[in-house]
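# Secondary and tertiary structure notes
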Number of protein chains: 2
Amino acid sequence: MSPRSSASNAGELKAEIATDGRIRVVIEGVKPEIDGGRFPIKRVVGETVAVEADVFTDGHDVVRCVVCHRHEQDSAWRETEMQALANDRFRAEFTVEELGRYRYTVLAWVDRFLSWRQEFARRVDPADVLVAARVGAELIAQAAARAAAPDAERMQAWADRLRSEHDTTKLKRLGLDEELWTLAARHPNRSLAAGYARELEVVVDRALARCSAWYELFPRSCAQQPDAHGMFRDCEARLDYVARLGFDIVYLPPIHPIGRVKRKGPNNSLQPSPEDPGSPWAIGSQEGGHMAVHPQLGTLQDFRHLLAKARERGLEIALDIAYQCAPDHPYVAAHPEWFRRRPDGTVQYAENPPKQYQDIYPFNFESDAWRPLWQELEEVLEFWIGEGVKIFRVDNPHTKPFAFWEWVIDAIKRAHPEVIFLSEAFTRPKVMHRLAKLGFTQSYTYFAWRNTKPEITEYFTELGQRPGREYFRPNCWPNTPDILTEYLQFGGRPAFMVRLVLAATLAASYGIYGPAFELMEHEPREPGSEEYLDSEKYQIRHWDLERPDSLSDFVSRVNRIRRENPALQADWSLRFHRTDNDSLICYSKISEKQDNLVLVVVNLDPHHAQSGWVELPLEEMGLGPARAFQAHDMLSGAHFLWQAPRNFVALDPQTAPAHVFRLRRRVRSERDFDYFM
Amino acid sequence: MSPRSSASNAGELKAEIATDGRIRVVIEGVKPEIDGGRFPIKRVVGETVAVEADVFTDGHDVVRCVVCHRHEQDSAWRETEMQALANDRFRAEFTVEELGRYRYTVLAWVDRFLSWRQEFARRVDPADVLVAARVGAELIAQAAARAAAPDAERMQAWADRLRSEHDTTKLKRLGLDEELWTLAARHPNRSLAAGYARELEVVVDRALARCSAWYELFPRSCAQQPDAHGMFRDCEARLDYVARLGFDIVYLPPIHPIGRVKRKGPNNSLQPSPEDPGSPWAIGSQEGGHMAVHPQLGTLQDFRHLLAKARERGLEIALDIAYQCAPDHPYVAAHPEWFRRRPDGTVQYAENPPKQYQDIYPFNFESDAWRPLWQELEEVLEFWIGEGVKIFRVDNPHTKPFAFWEWVIDAIKRAHPEVIFLSEAFTRPKVMHRLAKLGFTQSYTYFAWRNTKPEITEYFTELGQRPGREYFRPNCWPNTPDILTEYLQFGGRPAFMVRLVLAATLAASYGIYGPAFELMEHEPREPGSEEYLDSEKYQIRHWDLERPDSLSDFVSRVNRIRRENPALQADWSLRFHRTDNDSLICYSKISEKQDNLVLVVVNLDPHHAQSGWVELPLEEMGLGPARAFQAHDMLSGAHFLWQAPRNFVALDPQTAPAHVFRLRRRVRSERDFDYFM
């Protein structure tokens, strides 16, 4: 049955459980439910929520149950009848159509009429059938009393018919009539219905929360002239390039005034020269703090212009939220109560002994003045939202209290449900999951350090199949300004191609830090380090985007494939397939509508050509065993005709380290021509 | 650390989470927890509860956490410090020492001193060490202010020492001193501690709830003279026999007056003769109802005498609670509101169309008068508890509302925590589990229909390893008056031996319906039926207990083995082992103290001798690979010396279809004699 509105209120009914011992139906095992309902699940607009529950009662009576859902701003619940699966389990789906929070729960009742009908079907003794028909007549008359015209009249007529008929053969036919059942089903007696003990929540985001391609760039490196400090207007000139690459989001490191006190020099040097630009994450100087723009980038007006230009190209600008201060940040003088003091009276800088970060002052979230601090930090978000920014990449959220994030994200999203928060927490699994549960829209992952077939298979199976998928939306980055992996340092051009294809096809959301990525920047600051040599974090770089070896065309192609294939725009359908070569990884994704099937084969070895057999579960993939199917490699343009579960693949990293096939299920054969037969 | 009492109240602290944003620690994933804390777990007196939780905070700070527990009649919580496992998981155990309900929860805090100590250990820069020492001095001075003498003085002295010392090498040694840490650990600052959101519960039963051997008998079949109606005093004469067999509990079918209206005759006949005794489950006649004794069995006084005689022999009497009425039960006239009426005004009898049970009137739990009905049914239990009965086998609980059972069991156990309820629900898995969750102490199982090696392995692995084990205590019966399985019908004497050994060693609680079992009664009422021919449910039987082929000695031996081996007195340690013959099943159990190891091998084929190799994970079983070990078959008395993981076993059902070995880990060798070397 499709959803329909109703006067029922699952919340109100809950209270009755404790007080009315006649409520006989039980609801348990409701899924999805995170930590006993403590946290919401996540969806994007237009997605469905499939709810399952165990519903049963004592004895032989038949139960019915509905999933009730409503947008939290609607007062009326909508109901969807649940269908029985095996083993007392029921299931129904509803679709979330608007941004914001939805609530859902389950309502169930012992259905007297349906129970009667089931037993009536099994009755054989004529006297018994006669008496039972009168019981049924009574039930349908009661249903009529609950209904309005025309159902009421029709049910009353059925009650009369069941009472007056004495031929038991006819009575049995009447009692089991479909119209009778359809009428009765519309007017059940729910006076003893039970509501599930909890109302559960769904946070509904916009589509970009589920599928997004991010491009991180440093505005100050965008100048046309080498050595010039790039400005927002240089950034604007870069937008066409990023749009051509096919990304959705341009993410900028902090754009605020950079502290001068204890400023770091190139390669994290403690002895900078006066011209060194410093780290954008050392936020704040006498020129302003988190709500100001670094003068060397331009003005707030310039920033607004950049936003508008991006919007024209279908791009969104994401800002970096790094809640920390340079020593000369205005907050330090204005709000000394927000910082911890050392015994010598100086402000406590960030540290992870023996490392000291004397250019950064963390906020003291255990300050007695935590309330004004929280409010100020919320103001920072509100300020940039006011300027038109709707996406925030949050720096190190795992070093600020969970309770703060839960509060601030909830506060922001209640007013601006379209806002997206990306959690940059590279830390322990439980901490990353907690941040996702409490509200972050997307989360960075361990992808950068998952390079082998077993590592990738295990990690993405966990991300895509475990209960955490209900709230943890992975965002996979092959590199960031902090992460230049060994694989990229030593794997050459094929390594960059491999990691791009993996990120872009394993995960619906991914990002690269460019142009370092497409220009294959791969020198570390020192051996064994994941820091870039001459990192943009501490100095301005000038990138030659026209370099003939740039991967920009390859990046464009991969992003176009993502846009053209709905299968790649969601995470849950990912399945890995067997290959007989440990360097070859093979996986597929299928679209929700089952009409787009993408198969990826990647050679994880950046140094050697590898070949082997891949084995596909054709039945499971909807390809069937009987017919050939077409494999169109969207990277190379080549077409293959495959006929069996096992197929041979050879990939040379020097030419193409990956296939990204679109599989078409039906290949024409002579049987498809009308002269056949 | 061992439990210690404390003034902390986890309950009170919970409220702070919402209001104090400075609380930075998070507690989640607490286990055991049933359905988000909706239901209690179960233990018996003296058992431990191992609690695990994920506990973590933002940043690098160190957390500490305790499990808090208290008997619900105590107001003070006891605390046990949790120890870190891997991956932010912590664990602690507590022991439940008294009957009744316990509550437990988790309390956690960011430990400032421990965090300081961990960072202090990593500091190297002398100036940094000096400043940090002063921070530490401040923390320990604060701890001193929270403490009383002598700790306060000692910590103050430590604070002075840390302040006055300027040699950084000495300072580092001082700061990391164990005494300092031990003192500080005793006086943590818990002002920002977090309590887990829920208090969870444990129902603590007496030992018999975990391990019990039941013997069901019909008192009316206990007369010395054939054809005489057995009485309670005949039952008394049977007690020595049951005690010799080694059982703990004698369970009697209903002992109340039996209805005369619609009484059933032998083999469920609808045409009884006036002398037929009827079914004990058709309860109530003009002689009384659920609080009366059937006159042909004797008087209430006689029943009390039977209870006393049983007690003298270490036996307990269990009564059957069947909440249903014969048509002439006094309730039918006195409380017509407790029954459903048919349209012709007659009372609705029990039915499962097309079957009709016209001798049984079920209560209508949807009656408006449900409150007085519930109270009356509770009265029935209170009445028999008053007479000294502390164990109830509950007939078909799945045909009465869950809410009723939850209420009545809770009400009874609050007043009488020693009472045991056995749920006789042979129905769908979720329903059986719900009854166990809501309060039944033990539950009948599907054991009777699990006969093959894969069936037994899968079922008992589920019972012993899945989360349901926290509340579902299985009780395994090879037969009941309603269940004569095909295996017993056709397997002959070996089948009875096999099923006895399986029930008694797979499950810590088991029962047989005797003397039908030990006399190997195996004729069904008709082919394909599991009903006994000439079932005691409808007629009196006279059993020849002295029959030479009786299995009574075998039963005695099996029960003695159970009593002598703690490994067999609990369920969770059960592990199955590989055999290369599908007719041979092999499993082991080990006692909680790890000092009693029992290995069972059973030939499931009652018709043929079977042999094969069994393979034991010696390391896992604590036997080690290096030495031989002794296998003493406690059924046959034979001793084997085994040396390898693989051992050959041959079992002839005609002589002995099973081994029940006690494995002794250390076998003496020449190296154990002092002349060696």
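Residues take numbers from 1 onward in each chain, read along the sequence in its written order. The order in which chains are written sets their letters, starting at A; the order in which ligands are written sets their numbers, starting at 1. The predicted nature of this model means local features are confined to residues of pLDDT at least 70 and side-chain atom pairs, given and counted, to a pLDDT of 80 or more, with totals for whole chains, interfaces and linings taken over all residues. Side-chain figures throughout are based on the complete set of non-hydrogen atoms in the structure, without hydrogens or water.

What follows deals with the nonpolar core. Formed by 162 residues in total, the largest nonpolar core has its most connected members in A:Phe303 and A:Phe460. Going along the chain from the N terminus, every DSSP run of H or I of four or more residues is numbered as a helix, and every run of E of two or more is numbered as a strand. At twelve residues, the largest contribution of residues to this core is made by helix H14 (residues 486-506) of chain A. In this analysis, two residues are considered to be in contact whenever any of their non-hydrogen atoms come within 4.5 Å of each other. For A:Phe303, the residues in contact, after removing those within four places along its chain, are A:Phe232, A:Leu252, A:Ile255, A:Ile317, A:Leu319, A:Trp384 and A:Val389. Residues B:Phe247, B:Leu319, B:Trp370 and B:Cys476 belong to the second largest nonpolar core, which totals 161 residues. To define a nonpolar core, start from buried Ala, Val, Leu, Ile, Met, Phe, Trp, Tyr and Cys residues and group those joined through side-chain atoms within 4.5 Å. Throughout this description, buried means an accessible area under 20% of the type-specific maximum (1.4 Å probe, protein chains only), exposed means over 50%, and partly exposed covers the range between.

Attention now moves to helix H2 (residues 112-122) of chain A. Those residues of H2(A) lying buried are A:Phe113, A:Leu114, A:Ser115, A:Trp116, A:Arg117, A:Glu119 and A:Phe120. Lining the buried residues of H2(A) we find strand S5 (63-71), strand S9 (100-110), helix H3 (126-146), helix H5 (168-175) and helix H6 (178-186) of chain A together with strand S16 (350-352) of chain B.

A few words on the pairing of strand S4 (residues 48-56) of chain B. Here is the key point about a regular strand: its side chains alternate between the two faces of the sheet. All names here are of chain B. Of the strand pairs in this sheet, strand S2 (residues 26-31) and S4 are connected by four bridges, and their pairing is antiparallel. Along S4, the bridge assignment pairs Ile 27 with Val 55. In this analysis, strands are considered paired if DSSP registers two or more bridges between them. Inspection of the sheet shows S4 paired to strand S8 (residues 89-95) by seven bridges, in the antiparallel sense. Looking across to S8, one finds that Ala 50 is bridged to Glu 93.

Contacts between chain A and chain B engage 58 residues on the former and 58 residues on the latter. By buried area we mean how much accessible surface two parts lose on assembly, using a 1.4 Å probe and totalling the loss over both. Note on chain A versus chain B: buried area summed over both sides is about 5200 Å², and carbon and sulfur give 49% of it. Here a salt bridge means any side-chain nitrogen of Lys or Arg lying within 4 Å of a carboxyl oxygen belonging to Asp or Glu. Remark: the boundary between chain A and chain B carries 16 salt bridges. Measuring nitrogen to oxygen at the nearest pair gives 3.9 Å for the salt bridge that ties A:Glu366 to B:Arg112. Whenever a nitrogen or oxygen atom comes within 3.5 Å of another N or O atom, the pair is scored as a polar contact, on the condition that within protein one atom can donate a hydrogen and the other can accept it, and that pairs from neighbouring residues in sequence are kept only if both atoms are in side chains. At the junction of chain A with chain B, the criterion picks out 24 residue pairs in polar contact (both at pLDDT 80 or more). Breaking the side of chain A that touches chain B down by element, the ones donating at least two residues are strand S2 (25-31), strand S4 (48-57), H2, H3, strand S16 (350-352), helix H10 (370-386), helix H11 (402-415) and helix H12 (429-438) of chain A.

Multiplying 1.5 Å by the helix residue count minus one yields the expected span of that helix. With 21 residues, H14(A) should reach 30 Å at 1.5 Å per residue; the first-to-last C-alpha distance of 20 Å falls well below that figure. For H14(A), a buried count of 17 out of 21 residues is recorded, marking the element as mostly surrounded by other parts of the structure.

What follows is about the relation of the copies chain A and chain B. Our superposition of the copies is a least-squares fit, built on the C-alpha atoms of residues whose pLDDT is at least 70 in both. Once chain A is rotated about the relating axis by 180 degrees and shifted along it by 0.1 Å, it coincides with chain B to within an RMSD of 0.0 Å. In symmetry terms, the pair is related by a two-fold rotation axis. Taking the C-alpha atom as reference, chain A places A:Gly36 closest to the rotation axis, 2.6 Å from it.

All names here are of chain A. An order of S12-S13-S14-S19-S20-S21-S22-S23 is seen for the eight strands of this closed barrel, with the pairing classed as parallel. Strand-to-strand twist of the sheet, defined as the mean angle between neighbouring strand axes without regard to direction, takes the value 30 degrees. In this sheet, strand S23 (residues 509-513) lies alongside strand S12 (residues 212-216) in parallel orientation, the contact comprising five bridges. Residue pairing for S23: Ala 213 is matched across the bridge by Tyr 510. The axes used here are C-alpha line fits, helices contributing only the stretch in contact, and every angle between their N-to-C directions lies in the interval 0 to 180 degrees.

Moving on, we get to the environment of B:Asp88. Summarising the element assignment, B:Asp88 is placed in the loop between strand S7 (83-84) and S8. Relative accessible area serves as the criterion here: at 13%, B:Asp88 is assigned to the buried category. Measuring from C-alpha to C-alpha, the distance between B:Asp88 and B:Ala243 comes to 52 Å, with 155 residues separating the pair along the chain. Those residues within four positions of B:Asp88 in sequence are excluded, and the remaining contacts are A:Arg428, A:Lys430, A:Val431, B:Ala53, B:Asp54, B:Val55 and B:Phe56.

The criterion for an aromatic pair is that two Phe, Tyr or Trp rings (for Trp, the six-membered ring) have centres within 6.5 Å, with stacked assigned to planes under 30 degrees apart, edge-to-face to planes over 60 apart and tilted to the rest. For the coordinates displayed, the defined rule picks out 92 aromatic pairs over all chains. Pairing A:Phe402 with B:Phe56 gives two aromatic rings, centres 5.5 Å apart and planes at 75 degrees, and the pair type is edge-to-face. Here A:Phe402, found in helix H11, pairs with B:Phe56, found in strand S4, and the two come from separate chains. Residue classification places A:Phe402 among the buried residues on the basis of a relative accessible area of 2%. Ring centres 6.5 Å apart and planes at 40 degrees place the aromatic pair A:Phe404 and A:Trp407 in the tilted group. Residue A:Phe404 and its partner A:Trp407 are located together in helix H11, separated by three residues, close to a single helical turn. Of the residues examined, A:Phe404 reaches a relative accessible area of 0% and is grouped as buried.

So yeah, pure geometry; function would need other evidence.
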